[in-house]
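# Overview (structure and organization)
In case you want the letters, here they are:
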Amino acid sequence: MDGATLSLVLERVAEEIHEPEFVAYAPLVSFEAFLPAQRVFGWIRLDADRLTDLLNAHETLRLENVLVEDLGIGRTVSADEAIVRRSEIIAVRASGPRGDATRRLPTRTHPAIVESGPYRIGGRVHAAPGIDPEQRLREAGPMVPLTDAWLEYRSGDELRCDWIETVIVNRELATRLEVLAEPDGAGPASLQGS
């Protein structure tokens, strides 16, 4: 595979290994990518500091052992392999470690809303003090993390709203990408009229 492709081997379920001397070399974290008409998910051993950096560094993901949900009908099937271009990914649910604490810079958080395809996403964008958060959103890599986030979408006839610690959004696919004034509430209902 070329350097533009990130290969991830996913596990379909999170299982604990019951061997007395087993130590995982990397944490098992959930991986969930949202595309215009599908949700692709499983579990991966993340052996990098930050998923955002991995996604920004690779144009294509080769995923093995994935579950794929067709959002139009709400049905899930398994697939041995899926090739997904970053340009097709609207958002990725991030979980697991927050990365190397020594690389973190002080930031302020600002509420933001993103609309992309069938998804509404809200959360908080991080920007260094004195940096315009709108500028941070527009000049970062294509994949930008939002914390204390929520993601709203339909699967079949069901409207889902998931609260997510961190969601990584593809700013290049957003039809709306806006930093908001601090709302009175913190969730989707308070931003409906925005």
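In the block above lies the structure referred to throughout.
The following refers to the structure shown. Every value quoted in this text rests on a predicted model; they were computed, and no experiment measured them.

### Comments concerning the overall build of the chain
Within the chain one finds three helices and eleven strands. Counting helices and strands in the order they occur from the N terminus, the chain gives β-β-β-α-β-β-β-β-β-α-β-β-β-α. In the chain, which comprises 194 residues, the proportion classed as buried is 44%. Looking at the chain alone, contacts between residues at least 24 apart form 63% of all its contacts between residues at least 6 apart. Surface accessibility of the chain: about 10,500 Å² in total, with carbon and sulfur atoms responsible for 48%.

### Considering the packing of aromatic side chains
Both the distance between ring centres and the angle between the ring planes are used here to describe each pair of aromatic rings. Considering all chains together, one arrives at three aromatic pairs under this definition. Plain terms: the ring middles of Phe 34 and Tyr 119 are 5.7 Å apart, the flat faces sit at 75° to each other, and that makes the pair edge-to-face. With a gap of 85 residues between them, Phe 34 in strand β2 (residues 28-34) and Tyr 119 in strand β8 (residues 119-127) connect regions that are remote in the sequence. The pair Phe 34 / Tyr 119 is uniform in exposure class, with both members buried. One aromatic cluster is present, built from ring pairs that chain together Phe 34, Tyr 119 and Tyr 153. The cationic tip of Arg 39 hangs over the ring face of Phe 41; the distance from NZ or CZ to the ring centre is 4.0 Å.

### Details of the environment of Ala 128
Mapped onto the elements, Ala 128 comes out in the loop between β8 and α2 (133-139). Distance from Ala 128 to Thr 107, taken between C-alpha atoms, is 4.2 Å for residues 21 residues apart in sequence. With residues near it in sequence (within four places) discarded, Ala 128 still touches Pro 106 and Thr 107.

### As for the pairing of strand β5 (residues 75-85)
When strand β4 (residues 60-70) meets β5, the two strands line up antiparallel, connected through ten bridges. If you follow Glu 64 over to β5, its bridge partner there is Glu 81. Here β4 folds back onto β5 in antiparallel fashion, the turn holding four residues, of which Gly 74 has a positive phi close to 75°.

### Considerations on the pattern of salt bridges
Overall, the coordinates contain 13 salt bridges when judged by the stated rule. Between Glu 69 and Arg 39 there is a salt bridge whose closest N-O contact spans 2.6 Å. Taken together, the positions of Glu 69 in strand β4 and Arg 39 in strand β3 (residues 38-45) put the pair 30 residues apart, joining distant regions of the chain. Of the residues examined, Glu 69 reaches a relative accessible area of 1% and is grouped as buried. Given a relative accessible area of 13%, Arg 39 falls into the buried group.

### Brief notes about the nonpolar core
Formed by 21 residues in total, the largest nonpolar core has its most connected members in Ala 91, Tyr 119, Ile 121, Leu 146, Leu 151, Val 167 and Val 169. Sorting elements by how many residues they give to this core places strand β9 (residues 143-155) first, with five residues. Once residues within four sequence positions are removed from consideration, Val 167 is found in contact with Ala 91, Val 92, Ile 121, Val 144, Pro 145, Leu 146, Ala 149 and Leu 151. Among the nonpolar cores identified, the runner-up in size contains 18 residues, and Ile 44, Leu 55, Leu 63 and Ile 168 belong to it.

Cut-offs used in this document
Residues numbered from 1 in each chain as written. Predicted model: local features only at pLDDT ≥ 70, side-chain atom pairs only at ≥ 80, totals over all residues. Heavy atoms only, no water. Helix = DSSP H or I, 4+ residues; strand = E, 2+ residues; numbered from the N terminus. Buried < 20%, exposed > 50% of the residue type's maximum accessible area, 1.4 Å probe, protein only. Contact = heavy atoms within 4.5 Å. Areas by Shrake-Rupley, 256 points an atom, 1.4 Å probe, with all protein chains shown as cover. Phe/Tyr/Trp six-rings, centres within 6.5 Å; stacked < 30°, edge-to-face > 60°. Lys NZ or Arg CZ within 6 Å of the ring centre and 35° of its normal. Pairing = 2+ DSSP bridges. Salt bridge = Lys/Arg side-chain N within 4 Å of Asp/Glu carboxyl O. Core = buried A, V, L, I, M, F, W, Y, C linked by side-chain atoms within 4.5 Å.

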